[in-house]
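Residues per chain are reported as follows:
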Amino acid sequence: MTADHETSVKAEAIVATGLTKWFGAGETKVTAVNQVGLVAHFGEMLFIVGPSGSGKTTMLSMISGILRPNAGNVKVKGADIWTLNNDQLADFRLNTIGFVFQDYHLFPRLTTAENVAIPLILKQHDWNESISEARKQLAIVGLKNRGDMLPVKLSGGEQQRVAIARAIISRPEILIFDEPTASLDGDTGRMIIAFVKENILNENRCILIVTHDARINEYADRILHMEDGHLSAGAEDQGTE
Ligand SMILES: Nc1ncnc2c1ncn2[C@@H]1O[C@H](COP(=O)(O)OP(=O)(O)OP(=O)(O)O)[C@@H](O)[C@H]1O
Ligand SMILES: [Mg+2]
């Protein structure tokens, strides 16, 4: 499907249409995401902001192949991800997406270096080389000497940086970060996002960030607003018919 008027020369990374998710039924039914349309391009850093409970995490989960929508579809590089079978979906999550969960989702019994190395190990890379690459990524996010520690020994902000290192280690084309700086101080948050942005722009990847953190707004190429399950796009993205 093509837009009525072409507004950007950048290739489309993600195109979501009519994306809808509800939880519960009857009187307790909550429509967390309601008919959301979204286009994210390669070479851009797109921010989504909105109040708590507005559906941001639910939407990211559907875009990333983690949570199946009740309605609508998600095309990533033109392919409808929710028509994939479970194996294909797992491959998609491993190979195409780097996801930072709002609550980190680190494996508590693995060291921080092992946590960061997981995407490489799942891709059958050599164990020692994967751990050594993980240590490099940890150094980049300011955790040079934390590789042998268990996540429980780290502060919230340090765990958040481990999650970021794990998302970027295998250089996925699309990065999806859910509140990646919520536990970081202003300087560290800006440093991490600036690093990620430089990487993206260099390599023409796509990054989608959900954030409450106005301190990092300066890095956004575009900011969309989520409210009560609806996403209000910028004028160039509206595509109304
Ligand atoms: N698994 C679930 N079961 C039932 N309700 C859910 C579930 N996940 C989310 N919800 C509901 O959907 C709505 C949107 O939740 P969501 O986590 O997407 O919001 P959010 O914008 O990410 O909020 P926050 O900024 O606090 O992280 C909320 O009302 C929430 O209670
Ligand atoms: Mg959330």
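The structure reproduced in this document is the subject of the present report. (Residues numbered from 1 in each chain as written. Chains lettered and ligands numbered in written order. Predicted model: local features only at pLDDT ≥ 70, side-chain atom pairs only at ≥ 80, totals over all residues. Heavy atoms only, no water.)

Spatially, β6-β7-β8-β3-β9-β10 is the arrangement adopted by the six strands of the open sheet, whose pairing is mixed. Edge positions in the sheet fall to β6 (97-100) and β10 (230-232), since each of these pairs with one other strand and no more. Averaged over neighbouring strand pairs, the angle between their axes works out to 20° when direction is ignored. Bridge analysis of strand β7 (residues 174-178) against strand β8 (residues 206-210) gives five bridges, and the strand direction is parallel. (Pairing = 2+ DSSP bridges. Helix = DSSP H or I, 4+ residues; strand = E, 2+ residues; numbered from the N terminus. Axes fitted to C-alpha atoms, helices over the stretch in contact; angles between N-to-C directions.)

A sheet is described by the order of its strands in space; here four strands give the open sequence β2-β1-β4-β5, paired in antiparallel fashion. This sheet does not close on itself; its edge strands, each paired only once, are β2 (30-41) and β5 (79-80). Most of the contacts of helix α1 (residues 56-63) go to strand β1 (residues 12-23), to which it runs at about 125°, and overall it touches β1, β2 and β4 (71-76). (Contact = heavy atoms within 4.5 Å.)

Another aspect to go through is the pairing of β2. Two strands pair when backbone bridges link them, and β1 and β2 are joined in this way by eight bridges, in the antiparallel orientation. Looking at β2, one finds that E12 is bridged to H41.

Once that is clear, we can look at the pattern of salt bridges. Taken as a whole, this structure holds 10 salt bridges when the rule is applied. In this structure, E173 and K77 form a salt bridge, with 2.7 Å as the shortest nitrogen-oxygen distance. A residue pair is termed long-range when its members are at least 10 positions apart, and E173 in the loop between α5 (156-168) and β7 and K77 in the loop between β4 and β5 qualify at 96 residues. Among the residues examined, E173 registers a relative accessible area of 30% and is labelled partly exposed. Taking the relative accessible area as the measure of exposure, K77 reaches 45% and is therefore partly exposed. One salt bridge in this structure joins R146 and E158, with 2.8 Å as the shortest N-O distance. With a gap of 12 residues between them, R146 in the loop between α4 (127-140) and α5 and E158 in helix α5 connect regions that are remote in the sequence. Judged by its relative accessible area of 12%, E158 is buried. (Salt bridge = Lys/Arg side-chain N within 4 Å of Asp/Glu carboxyl O. Buried < 20%, exposed > 50% of the residue type's maximum accessible area, 1.4 Å probe, protein only.)

Before going further, it helps to examine the nonpolar core. Counting 34 residues, the largest nonpolar core has M45, F177, V196 and I207 as its most contacted members. Mapped by element, the contributors of at least two residues to this core are β3 (45-49), α3 (112-122), α4, α5, β7, α6 (186-203) and β8. Ranked by the residues each element gives to this core, the list is headed by α5, at six residues. In this view, I207 contacts E44, M45, L46, L175, F177, V196 and I200; residues no more than four positions away in its chain are not counted. Membership of the second largest hydrophobic core comes to 31 residues, among which are I14, A16, L89 and C206. (Core = buried A, V, L, I, M, F, W, Y, C linked by side-chain atoms within 4.5 Å.)

We now examine the coordination of the magnesium ion (ligand 2). The protein atoms that coordinate the magnesium ion (ligand 2) are T57 (OG1) and Q102 (OE1), at distances of 2.0 to 2.3 Å. Here the residue T57 occupies a position in helix α1, and Q102 occupies one in the loop between β6 and α3, the gap between them amounting to 45 residues. Taking relative accessible area as the criterion, T57 reaches 33% and is therefore assigned partly exposed. Among the residues examined, Q102 registers a relative accessible area of 41% and is labelled partly exposed. (Donors = N, O, S within 2.8 Å, 3.2 Å for Na, K, Ca; no water.)

The next point concerns the pairing of β4. Across five bridges, the pairing between β1 and β4 is antiparallel. When the sheet's bridge partners are listed, V15 is paired in β4 with K75. Note: β4 against β5, two bridges, orientation antiparallel. Bridge pairing in β5 links V76 to A79. Taken together, β4 and the strand that follows it, β5, pair antiparallel across an intervening segment of two residues, in which K77 is found at a positive phi of about 50°.

Quick look at the layout of surface pockets now. In this structure, the second largest pocket occupies an estimated 550 Å³ of space. Forming the walls of the second largest pocket are 19 residues, and the residues nearest its centre are R93, L94, I97, F101 and L122. When residues of the lining of the second largest pocket are traced back to their parent elements, those giving at least two are α2 (86-95), β6, α3 and α5. The element that contributes the greatest number of residues to the lining of the second largest pocket is α2, accounting for four residues. Its residues assigned to classes, the lining of the second largest pocket shows 12 nonpolar, four polar and three charged. (1 Å grid on protein atoms, 1.4 Å probe; cavity = no way out; pocket = protein on both sides within 12 Å on 5 of 7 lines; lining within 4 Å. Points joined across faces, edges and corners; volume = space filled by probe spheres on them. Nonpolar A, V, L, I, M, F, W, Y, C, P; charged D, E, K, R; others polar.)

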